[in-house]
Amino acid sequence: MDLAFSAKDETFRREVIDFLDENWPAEYRGRKRDFTRENYIDWHKKLHAKGWAAPAWPAEYGGTDWTPTQKYIFGQEMANAETFPSLAFNTSMVGPVIYTFGSAAQKQRFLPQTLACDIWWCQGYSEPGSGSDLASLRTKAVREGDHYIVNGSKTWTTLAQHADWIFCLVRTDPDVKKQQGISFLLIDMKTPGVTVRPIITLGGDHEVNEVFLEDVKVPVENRIGEENQGWTYAKFLLLHERSNIAGVHQSRRYLKRLKDVAADQELSGSGPKLMDDPDFSRKVSEIEIDLTALEFTELRALSNEEAGKGPGAESSILKIRGTELQQRISHLAVEVAGYYAMPFQRNQGHNEYPAGPEHSVHAAARYFNGRKTSIYGGTNEIQRNIIAKAILGL
Amino acid sequence: MDLAFSAKDETFRREVIDFLDENWPAEYRGRKRDFTRENYIDWHKKLHAKGWAAPAWPAEYGGTDWTPTQKYIFGQEMANAETFPSLAFNTSMVGPVIYTFGSAAQKQRFLPQTLACDIWWCQGYSEPGSGSDLASLRTKAVREGDHYIVNGSKTWTTLAQHADWIFCLVRTDPDVKKQQGISFLLIDMKTPGVTVRPIITLGGDHEVNEVFLEDVKVPVENRIGEENQGWTYAKFLLLHERSNIAGVHQSRRYLKRLKDVAADQELSGSGPKLMDDPDFSRKVSEIEIDLTALEFTELRALSNEEAGKGPGAESSILKIRGTELQQRISHLAVEVAGYYAMPFQRNQGHNEYPAGPEHSVHAAARYFNGRKTSIYGGTNEIQRNIIAKAILGL
Amino acid sequence: MNFEFSEEQQMLRDSLSRFLRDKYDFEERQKIIASDDGWSREKWNQFAEMGLMAAAFPEDYDGFGGTSVDLMVIMEEFGKGLVVEPYLPTVVLSGGLLLETGGDKAKELIPAIASGELVMGFGFAEPHSRFDLFHVDTKAAKQRTDYILSGRKAVVFAAPIADKLIVSARTSGSNRDTDGISLFLLDTNTDGVRIDGYPTIDGLRAGDVYLDNVKIPAVNMIGEEGKALPTIEKIIDKAIVALSAEAMGVCRKMCELTSEYCRAREQFGQPISKFQVLQHTMVDMFIHTEEMTSMAFMAAMKTDANGHDKAAASSAKVQLGKSCKFVGESAIQLHGGMGITEEMAVGHYFMHSTMMESLFGNSDYHLKRYQTATGLRE
Amino acid sequence: MNFEFSEEQQMLRDSLSRFLRDKYDFEERQKIIASDDGWSREKWNQFAEMGLMAAAFPEDYDGFGGTSVDLMVIMEEFGKGLVVEPYLPTVVLSGGLLLETGGDKAKELIPAIASGELVMGFGFAEPHSRFDLFHVDTKAAKQRTDYILSGRKAVVFAAPIADKLIVSARTSGSNRDTDGISLFLLDTNTDGVRIDGYPTIDGLRAGDVYLDNVKIPAVNMIGEEGKALPTIEKIIDKAIVALSAEAMGVCRKMCELTSEYCRAREQFGQPISKFQVLQHTMVDMFIHTEEMTSMAFMAAMKTDANGHDKAAASSAKVQLGKSCKFVGESAIQLHGGMGITEEMAVGHYFMHSTMMESLFGNSDYHLKRYQTATGLRE
């Protein structure tokens, strides 16, 4: 048992840092800002050019052969540079499904474009009536010759407004147990009958959408795997999606920024620094310590994975604690902002001067919006049910 | 709406204080000590002599006509003097059942002795197999002529080692819905077949017992009310028992004592006072504020009661928060004691010198033992179920 | 001791509650906040007609009330209805300061507030003050019969829609002295006053007020020169007591919306209200709401009994921080994704409850203030 | 990075685990603590034979280990088995101090510890010190080739059963100076030493050690005169790391006992493990235990990597306070009344976990110490 990084690891770290310094614009760092579709694609393509768009994929499909330690270092440095990973819909979600369950033709058609971000994917899982009880979904796909005719609607579809394709769970057999009648379809968003309606969340963000599907014709060849076996692929995806759900490095980074603000005399003028308030500094330190616990829980899980034990229900712990910590930090940001958390500055043009200091501008919206993290990807209550059943056997 | 006490109330408060000054020995104050059976009875009898043994009883049976405000004042001053009320088994538990549901003969035979504490009662409700699910009790009473033959066992019987009589729930009809086959019996502990086995709790206290009933002959005339209607009387009792379950004044008193210790330079010698530790003082103040919320919740409930709305499921809130606060305070006492919470000094003779300061002697045992408060009288989980159902209608 | 509302209070409560239910539902409220000014003069006038403004002042000023319990009745309903009209800045804060400082200005302006004619705001915070009311960088220099004010007041509620403002400014001392703070009354259209207005994230209107050599006649100083801090503290505390009542309304409403939602929402073949874990969360929301209610009662009753009770106000504010956070976050969690959309009312209650956590100082601040007030710290 | 135990560690763990399961069950443990001395010399010797003592020392001292990860393996099992023998005071604390200070005494005594022959205790706390290791009232005055010690050391674990003690005493400075503290080795039967022994509430043995003009040869001072504080801190931190591993074992066991109990206990016609609220409580116990485990790993690995890592030790201790309290209190709650009786094992784990919360300083203390170590406070 040993914490040291090998010389090889340190060389690798240097390479990551150099790459980020060169490719991730300095003006993107240190501020939460709204990235455009082009920003996302540019960045993904830069990673792709380096061969780092999908480190977790098997090398044969364009992934890397990194050790868990290298993956850890990569994640750490990405967070330090305050960048985001490649497009998760592509690399963490649909990609692994395609290379694991797709046909040779599907792999050939979709994987390169997915890896290169020539397709932007979005996820069609949740429906207005089916949240935690995902398997109760009702979007219907009826076979007609070589096509399915799809009707229904999907919701909470993140960045659907940017997407080219959507991967969808649909019901192909309404007469069997709910998990057994589901299929997994890939749908071109340009197909007639697909419409996207924005959902505006608290604080004014437009990140999620409803996607309506009305008599949408989908070629049968765009079905992944077997008809009615979609639930298997869906669960596989959910397990994969949870990697880095802990978000330790991102949380540490955000907390560090808050510490800097709270330790800066500018915040309180001639008054005592916020960081010297024992109640505030206690919260900061408690979060730091909890982040350390989370980090080592993740490292232990990685180590298990390396030993071939695979990601299991422990990922539910990472999800629960990871999101709780993100939420605690975002509340702390509201505290730091004080009165300047209150002005609503979301729709402000980029040239307007914000009412309060920089750090305060998005604090409240980020806190409000961040409540979703304990809801999506299986609510934290569902995660606890999973642990109760799968680990504790209750 | 108005917080002021009337002149009449203030006169009454004076009378209570004078009574306590005169009757409650000064050496009993300020220290948690073990009271003997005689101590309990003496004190009960003094209250009785004053007519205050059972303030809540109707005047015709020896109670008082106090207003809720007077009851509040009485409770407050009793706590300030660090005394305990009259014997709860008698005055809060079996007494009200007897005067509400008992026959004229039973009232005549039992009420005066109960009020005067010439009988010491204990409660035979819980059984080894039936805790939260009280109605699943299995102690059996079979009718034989003018008697019931009782077989079974009761547990968590507080101070049964001192008791003369036990009031018991027994199953008189095993073939109906579990709540419907229960009867309420009064049993003389001297009856052959009744044995008491001590249960020693964490920290070494002997407060609770198991009571075994083996072919115990109980005259039918000692049954309260109707056969198989015992569950009704039991629930009535549970509702009554919950008055002063919040224990606001007692908690305030204990917290005050801890504050005094923590503010005393003696605790830390030439080091900084514990009370100046911001983490400690924060906990103290949080508890104080929570006690204020609890106190006003209780006052609002009292006011409702006065307005004839009767005690309802709100008492579950008082139970939950009251016990949580008692437990938080008792943990704080362990913190105050520091290393001197560790020595086990329970079996020490009264002349031995304790290892640490006075306040530390019982701190840990009181904390351990106090875990029971969120378990007995319906666990706090059960209380939440009650609120969910009875108030929120979920 | 008596915890019953008077008959008048009960009537006021009933009629206000009815009015808000019939004329101020969530849809109506969203229309109001989306309007240019972000408030409704029409509703405001109706509030005045119902006597809500007069209820805040004693009879000498043509009012018919003025106790904290009177305010509690109103603020609780405002909380339930998520009312955005500037009652707190106009009536409680500005009206309170005028009433407290008395004199001609009080005689002139309180009736105008009571009739609904006058809208006001109170600028007490500054960019660097955080929650310290004595941290005043804004300067007021005497110049013959005038004062010249310069500085910036931060996040002044109602500033962009107010006719007049009261601001704290320093007539002497250095910027964190407790002495030397005075209160000034000014028209928002005075030369040198610039108001950068904005909606707040919870749908109110506020603005930063820039004072650039603003000339104010000395008669517009209210209260004694340099001695304003105790007055400000007293009135902010009164506002905290009122806010506590609003919070109890907001929390109550979040509980109701959540129970309703959970009873209607089905997952895994049953209403989610049947899941024990969610039931217990709702029970804990309910308990937090009851505690908030108890503390709002406590603070109002003690303030009425004692005139000014710092410990009561600060402890109520600590409770507010705890209850609003727990109830708000739980309400969103139990609503699932829907709770985070702008479409459902519950999210708006949550946003308002979050802003209430820090308004007039957050829990950490008031816990320490409670300790000072009770002698636990210096 | 590598999180796997070595083959030797894995073997030690397996054999210790098997031994405790077979020879040190709850009944056996209760017999041991009820015995006059409150510990078992026989078990102690068996531990020594298994190499548990030697595992704590490097090869130069006839040991075969000495890393914190080695200790972790042992302490976790001791936690699961609720072992009462004085391993922490003898091996980790006293052995650690001897190893750290080196010299003849180390050469003489460490082999005796490693063989199981010698039982020791370390007196670092005093009646007024609370958790401050530098608060030393006990005086050591030089008198030619001796030191004369006077004072009182509080709650010294193993004192009544130890052959020798190490105590901290002040050779110069005033009672809260960080400089001027020295370490002395003494036989418990030395003239002037009085030990008021007692069982602790969680079944260990400890005692207050009264030193009344105790004459100790100068050669029995270990380490440099007046410079002992860093050594003490380092060894206490090492003990905290070991305690964290013990806590992870204790928490793990409380989780297991609770799940077992809840699966067996029926109420309302089903095992109470079927109630969702209790399931989630058990999940939260499990998460707290995983966090404790992660922090025990973290602290051991960082200590091994960095030699002495204050932040690592203190943050692990903060986690210990939180995990032990949550897991312990929840375990009792879910056991219902049975959990509070002396009859069931779970209550004894709970009592021990509670005492671990304050041993070497509670969470409040170590949170502040963590802040100092990480530069957040001075």
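Note that the structure is a prediction, hence the values are computed from the model and not measured.

**Re the overall build of chain C**
Move 1: The helix and strand tally for chain C stands at 11 helices and 10 strands.
Move 2: Along the longest, intermediate and shortest principal axes, the C-alpha atoms of chain C span 80 × 50 × 40 Å.
Move 3: Counting only contacts in chain C whose residues sit at least 6 apart along the sequence, the fraction spanning at least 24 positions is 74%.
Move 4: Distance between charge centres in chain C, computed from 39 positive and 55 negative side chains, equals 4 Å.

**Here's the deal with the overall build of chain A**
Move 1: A tally of regular secondary structure across chain A gives 12 helices and eight strands.
Move 2: Since a compact globule built from 394 residues should have a radius of gyration of about 21 Å, the 22 Å found for chain A is in line with a globular shape.
Move 3: For chain A, the spread of C-alpha atoms along the principal axes amounts to about 75 × 50 × 50 Å.
Move 4: Across the 394 residues in chain A, those meeting the buried criterion constitute 57%.
Move 5: Partitioning the intrachain contacts of chain A with sequence separation of at least 6 by distance along the chain shows that 72% fall at a separation of at least 24.
Move 6: For chain A, the accessible surface area stands at approximately 15,800 Å², while carbon and sulfur atoms represent 50% of it.
Move 7: Positive and negative side-chain charges in chain A, numbering 46 and 52 respectively, have mean positions lying 3 Å apart.

**Some thoughts on helix 6 (residues 103–114) of chain C**
Residue and element names in this part refer to chain C.
Move 1: The first and last C-alpha atoms of helix 6 sit 17 Å apart over 12 residues, in line with the 16 Å expected at 1.5 Å per residue.
Move 2: Residues of helix 6 that are buried make contact with helix 3 (41–49), helix 5 (87–101), strand 1 (120–123), strand 4 (164–170), strand 5 (181–187) and strand 8 (221–222).
Move 3: Remark: Gly 116 follows helix 6 within two positions and exhibits a positive phi of approximately 90 degrees.

**Notes on the relation of the copies chain D and chain C**
Move 1: Least-squares fitting of chain D to chain C yields an RMSD of 0.0 Å, with the superposition described by an axial translation of 0.0 Å and a rotation of 180 degrees. Look at the turn and shift together and you get a two-fold axis relating the two. Relative to the rotation axis, the closest C-alpha in chain D is found at Val277(D), a distance of 2.5 Å.
Move 2: Mapped onto chain C, 100% of the interface residues of chain D are again interface residues, and the two copies thus contact each other with one and the same surface.

**Considerations on the packing of helix 3 (residues 68–80) of chain A against helix 8 (residues 278–306) of chain A**
All names here are of chain A.
Move 1: Relative orientation of the contacting elements helix 3 and helix 8 amounts to 145 degrees, with a least axis distance of 10 Å. Contacts between helix 3 and helix 8 pair Pro 68, Tyr 72 and Gln 76 from the former with Glu 295, Leu 299, Leu 302 and Glu 306 from the latter.
Move 2: Of the residues assigned to the contact of helix 3 with helix 8, the class counts are four nonpolar, one polar and two charged.

**Let's talk about the state of the cysteines**
Move 1: Using the criterion set out here, one finds zero disulfides over all chains in the structure.
Move 2: We note that Cys122(A) lacks a disulfide partner, and the nearest cysteine sulfur, in Cys168(A), lies 7.6 Å from it.
Move 3: In this structure Cys262(C) is not part of a disulfide, and its nearest cysteine sulfur, from Cys255(C), lies 11 Å away.
Move 4: For Cys262(C), a relative accessible area of 0% corresponds to the buried category.

**A few points about the packing of aromatic side chains**
Move 1: The final tally for this structure, using the stated rule, is 87 aromatic pairs over all chains.
Move 2: On the numbers, 6.1 Å between centres and 55 degrees between planes, the contact of Phe296(A) with Phe3(D) is tilted. Within this pair, whereas Phe296(A) is found in helix 8, its partner Phe3(D) is found in the segment before helix 1 (7–23), the two belonging to separate chains. In this structure, Phe296(A) and Phe3(D) share a single accessibility class: buried.
Move 3: The interplanar angle of 70 degrees and the centroid separation of 5.1 Å between the aromatic rings of Phe35(B) and Phe84(B) together place this pair among those described as edge-to-face. Here the residue Phe35(B) occupies a position in the loop between helix 1 (7–23) and helix 2 (37–50), and Phe84(B) occupies one in the loop between helix 3 (68–80) and helix 4 (88–101), the gap between them amounting to 49 residues. Of the two residues, Phe35(B) and Phe84(B), both sit in the buried class.
Move 4: An aromatic cluster of at least three residues, connected via ring pairs, comprises Phe12(A), Phe19(A), Trp24(A), Phe35(A), Tyr40(A), Trp43(A), Trp52(A), Trp66(A), Phe74(A), Phe84(A) and Trp120(A).

**Comments concerning the pattern of salt bridges**
Move 1: Counted by the stated rule, this structure contains 100 salt bridges over all chains.
Move 2: Here Asp18(A) and Arg14(A) are joined by a salt bridge, their closest N and O atoms 3.0 Å apart. With Asp18(A) and Arg14(A) both in helix 1 (residues 7–23) and four residues apart, the pair spans about one turn of that helix.
Move 3: In the salt-bridge network here, residues are joined through shared partners; they are Asp277(A), Asp279(A), Arg282(A), Glu286(A), Asp277(B), Asp279(B), Arg282(B), Glu286(B), Lys368(C) and Lys368(D).

**A look at the interface of chain B and chain D**
Move 1: The partner chain D presents 51 residues to the 51 residues of chain B that form the contact.
Move 2: Carbon and sulfur atoms make up 59% of the area that chain B and chain D hide from each other, which totals about 4,200 Å².
Move 3: Interface area lost by chain B to chain D is led by Leu202(B), Tyr339(B) and Met342(B), which between them contribute 20%.
Move 4: At the junction of chain B with chain D, the criterion picks out five salt bridges.
Move 5: Put simply, Lys368(D) and Asp277(B) hold a salt bridge, and the shortest N to O gap is 2.6 Å.
Move 6: Counting only elements with at least two residues in the side of chain B that touches chain D, the list comes to strand 6 (194–200), helix 8 (265–268), helix 9 (278–309), helix 10 (314–337), helix 12 (363–370) and helix 13 (380–391) of chain B.
Move 7: For the side of chain B that touches chain D, the element with the most residues is helix 12 of chain B, which contributes five residues.

**A word on the domain arrangement of chain C**
Residue and element names in this part refer to chain C.
Move 1: By the assigned domains, chain C splits into domain 1 (7–118), domain 2 (121–227) and domain 3 (230–373).
Move 2: Measuring from the centre of the C-alpha atoms in domain 2 to the corresponding centre in domain 3 gives 30 Å.
Move 3: Taken together, the contact pairs 13 residues of domain 2 with 14 residues of domain 3.
Move 4: Together domain 2 and domain 3 conceal approximately 1,200 Å² of surface at their shared face, both sides included; 78% is due to carbon and sulfur atoms.
Move 5: In terms of surface lost to domain 3, no three residues of domain 2 exceed Phe 131, Leu 133 and Asp 202, which account for 46% of the buried area on that side.
Move 6: Across the domain 2-domain 3 interface, the total number found is zero salt bridges.
Move 7: Linking domain 2 to domain 3 there are three residue pairs in polar contact (both at pLDDT 80 or more).
Move 8: Here the side of domain 2 that touches domain 3 is built from residues that sort into nine nonpolar, one polar and three charged.

**What about the interface of chain D and chain C?**
Move 1: Between chain D and chain C, the residue contacts involve four residues of the former and four residues of the latter.
Move 2: For the pair chain D and chain C, the two sides together bury roughly 390 Å², of which 63% comes from carbon and sulfur.
Move 3: Where chain D meets chain C, there are zero salt bridges.
Move 4: On the surface where chain D and chain C come into contact, there are three residue pairs in polar contact (both at pLDDT 80 or more).
Move 5: Considered class by class, the residues forming the side of chain D that touches chain C number two nonpolar, two polar and no charged.

**Notes on the pairing of strand 3 (residues 146–157) of chain C**
Residues and elements named next belong to chain C.
Move 1: Counting buried positions over the 12 residues of strand 3 gives nine, a clear majority of the element.
Move 2: What sits between the antiparallel neighbours strand 2 (residues 139–143) and strand 3 is a turn of two residues, in which Arg 144 has the positive phi angle 50 degrees.
Move 3: The sheet contact formed by strand 3 and strand 7 (residues 205–217) spans nine bridges and is antiparallel. Bridge pairing links Lys 153 to Val 209 in strand 7.

**Quick notes on the environment of Leu71(C)**
All names here are of chain C.
Move 1: Note on placement: Leu 71 falls in helix 4 (residues 68–81).
Move 2: Note on Leu 71: relative accessible area 3%, which makes it buried.
Move 3: Between the alpha carbons of Leu 71 and Leu 243 there is a distance of 9.5 Å; along the sequence they are 172 residues apart.
Move 4: Discounting chain neighbours no more than four positions away, the residues touching Leu 71 are Ala 56, Tyr 87, Val 92 and Lys 238.

**Details of the environment of Ala112(C)**
Residue and element names in this part refer to chain C.
Move 1: Within the secondary structure, Ala 112 sits in helix 6.
Move 2: Expressed as a C-alpha distance, the spacing of Ala 112 and Met 53, which sit 59 residues apart in the sequence, is 9.7 Å.
Move 3: When near neighbours in sequence (up to four residues on either side) are disregarded, Ala 112 contacts Glu 117 and Leu 118.

**Some remarks on helix 3 of chain B**
Side chains three or four residues apart in an α-helix point the same way, a direct result of the helix having 3.6 residues per turn.
Residues and elements named next belong to chain B.
Move 1: The end-to-end C-alpha distance of helix 3 is 18 Å, a good match for the 18 Å that 13 residues give at a rise of 1.5 Å each.
Move 2: Counted residue by residue, helix 3 has 10 buried out of 13 residues, so it is predominantly covered.
Move 3: Lining the buried residues of helix 3 we find helix 1, helix 2, helix 7 (248–262) and helix 9.
Move 4: Looking one or two places after helix 3, you find Glu 82, whose phi comes out positive at around 55 degrees.

Analysis parameters
Residues numbered from 1 in each chain as written. Chains lettered and ligands numbered in written order. Predicted model: local features only at pLDDT ≥ 70, side-chain atom pairs only at ≥ 80, totals over all residues. Heavy atoms only, no water. Helix = DSSP H or I, 4+ residues; strand = E, 2+ residues; numbered from the N terminus. Contact = heavy atoms within 4.5 Å. Lys, Arg positive; Asp, Glu negative; His and termini not counted. Charge placed at Lys NZ, Arg CZ, Asp CG, Glu CD. Rg over C-alpha atoms; globule rule 2.2 N^0.38 Å. Buried < 20%, exposed > 50% of the residue type's maximum accessible area, 1.4 Å probe, protein only. Areas by Shrake-Rupley, 256 points an atom, 1.4 Å probe, with all protein chains shown as cover. Expected span 1.5 Å × (residues − 1). Least-squares fit on C-alpha atoms with pLDDT ≥ 70 in both. Axes fitted to C-alpha atoms, helices over the stretch in contact; angles between N-to-C directions. Nonpolar A, V, L, I, M, F, W, Y, C, P; charged D, E, K, R; others polar. Disulfide = S-S within 2.5 Å. Phe/Tyr/Trp six-rings, centres within 6.5 Å; stacked < 30°, edge-to-face > 60°. Salt bridge = Lys/Arg side-chain N within 4 Å of Asp/Glu carboxyl O. Buried area = accessible area lost by both parts, 1.4 Å probe. Domains from an automatic or database assignment. Polar contact = N/O pair within 3.5 Å; in protein donor to acceptor, adjacent residues only side chain to side chain. Pairing = 2+ DSSP bridges.

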